[in-house]
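Listed below, chain by chain, are the residues.
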Amino acid sequence: MKKKLSIIVCSLAAVGLLAGCSGGKPAQESTSTAAPKAEAKPVTIKIYQWVAVADDQWQQLYVEPVKKKYPHITLEQVTRGKGTNPEELVASGEFPDIFTISNDIRPYTNLGLTQDMSTLIKKENIDLSKFDASLTERSKVDNQMVAFPFYSSPTALYYNKDIFDKFAIPYPKDGMYWEDIINVAKQVTRSDAGFQYKGLHPQSIFAMKGGLPIDLLDAKTDTPTINNDQWKQLLTLYANLLSIPGNEPKGGAFADVVNTFVKDKNTAMVISNMMPSMQEATKNGLNWDMVQLPSYKGYDGLKGLGDTMYIGVNKVSKNQDDAMKVLSVLTSEEVQTTMAKKYGYYPVLASKAVKDSFGADMEFLKGKNVQAIFKGQIAPYMPSSMYSGHADVRKIFNAKVADVVAGKKDVNSALREADEEITKLMPQIKQK
């Protein structure tokens, strides 16, 4: 756009001559103009979706806000599935400009897709302080920011109010310890008229470990870190919970947790990120609410983090700048507010206003203690070994946990044996 020329005029007389206002020198009229800004060329930015996105959310959370700010950008999504796994797309040279991934970014790093985004961040003038600091730490690889947190699953302790009312037991409250919750579970685990009510389904011991700075293996050495006080504290509580007569859980998969709470309606409390299931459950008459996740003594108020989606610019994308523009929109306060307000995603921004908007447009959350999901502090990030989730490592550990729950071993012996067996097996695992 041409800049308007400013001319300083000093009238000397009616002759219309222009002279300088200082020293009588003639004024110099500027003839320089800024070059017109070239219109951005149309570009299609492809986003690799780790999890499929519903059509309405794709339009409202991605397409519309990006088009509104950057009309030259068209978005296209590629969803993970048969024929579109990351390895296949990389091999074909067709991996999209932007990647998303749940929880662990390292698979993309191993494929050569991540990069230090600091230059792009600076160029797009993105303020990293807007993010929840506990989430950005998980976005780094070797201290380099390779992705942004995008959204997380709201995790809480859900409870069935009708079961508590039936046995005249006070509802759980925000800020309770695990010991308190287990005592509550004992009170509501009852058999009534041939129907067994269970106190609490924890989903798994790993779902219970949030809030404790522990992992199965050391992130740097890949050696077991199992035989310590924190694992002893957790395993003791887990065994106490599952040893309550009648509280034996039915399966440990996410679907089992949802079914026992939402469909069977025989479980008083669950630890879960089942928010998407609660709309239908409410329609079907489930009388429920939620409270803050319990914490461990010595780690007061600390909690785990639900599944978190990360988003970053593919290192080999030919559209780096435009891809970063898309990320700036998707992590903006406007989009994050819509995600929280209308769809119940846990926002990744530190903004109180965004968090306060959570669930405002979701009718089934009216009157619920939704702010419970924000209470407490997300536990400090603890890097995890890439082998911590290895099937053989988990198999050994889970077997020892089952022995403790069944009363076959004490906690100290079980953890010591797990440590020894995994240590012996690790060289074989790493050679595969």
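This report concerns the structure included in the present document.

What counts and what doesn't
- All residue numbers refer to position in the chain's written sequence, counted from 1.
- For this predicted model, a pLDDT threshold of at least 70 governs which residues receive local features, and a threshold of 80 or more governs which side-chain atom pairs are given and counted, while totals over whole chains, interfaces and linings are taken from all residues.
- Note: side-chain values were computed over all heavy atoms of the structure, leaving out hydrogens and water.
- The pairing test for Phe, Tyr and Trp rings, Trp by its six-membered ring, is centres within 6.5 Å, and the orientation test on the planes gives stacked under 30 degrees, edge-to-face over 60, and tilted for anything in between.
- For the purposes of this entry, the term helix denotes a DSSP run of H or I that reaches at least four residues, the term strand denotes a run of E that reaches at least two, and both are numbered from the N terminus.
- Relative accessibility under 20% of the residue-type maximum defines a buried residue, over 50% an exposed one, and the middle range a partly exposed one, all with a 1.4 Å probe and only protein chains included.
- Paired strands, in this sense, are two strands between which DSSP finds at least two bridges.
- All axes here are fitted lines through C-alpha atoms, helices being fitted over the stretch that makes contact, and every angle between N-to-C directions spans 0 to 180 degrees.
- In this description, contact between two residues means that some pair of their heavy atoms is separated by no more than 4.5 Å.
- Whether a crossover is right-handed depends on one test, that the path from the first strand over the helix to the second runs clockwise when the strands point away from the viewer.

1. Examining the packing of aromatic side chains
Okay, step 1: Taken as a whole and judged by the stated rule, the model has 20 aromatic pairs.
Okay, step 2: Taking 5.0 Å as the distance between ring centres and 45° as the angle between the ring planes, the aromatic pair formed by Y48 and F95 counts as tilted. Separated by 47 residues along the polypeptide, Y48 in strand β1 (residues 43-49) and F95 in the loop between α2 (86-92) and β3 (98-102) bring together distant segments of the chain.
Okay, step 3: Aromatic pair F358 and F374: ring centres 5.8 Å apart, planes at 85°, arrangement edge-to-face. Of the two residues, F358 is situated in the loop between α14 (352-356) and β14 (377-378) and F374 in the loop between α14 and β14; the sequence distance between them amounts to 16 residues.
Okay, step 4: Accessibility expressed as a relative area gives 3% for F358, which makes it buried.
Okay, step 5: In this structure F374 comes out as buried when scored by relative accessible area, which is 14%.
Okay, step 6: Counting every residue linked through ring pairs, the aromatic cluster contains Y48, W50, F95, F99 and Y108.

2. Regarding the sheet that holds strand β11 (residues 288-291)
Okay, step 1: Strand order in the open sheet formed by 5 strands is β8-β9-β10-β7-β11, with mixed pairing between adjacent strands. This sheet does not close on itself; its edge strands, each paired only once, are β8 (190-192) and β11. If you compare each strand with its neighbour and ignore which way they point, the axes differ by 25° on average.
Okay, step 2: Here strand β7 (residues 156-160) runs beside strand β10 (residues 267-272); their pairing, made up of 4 bridges, is antiparallel. What sits directly across from Y158, in β10, is V270.
Okay, step 3: Across the sheet, helix α7 (residues 178-188) touches β7, β8, β9 (195-201) and β10, and the angle it forms with β9 is around 175°.

3. Some remarks on the pairing of strand β2 (residues 73-79)
Okay, step 1: The sheet contact formed by β1 and β2 spans 7 bridges and is parallel. If you follow K46 over to β2, its bridge partner there is E76.
Okay, step 2: In this fold, β1 hands off to helix α1 (residues 55-69), which returns the chain to β2; that crossover is right-handed.

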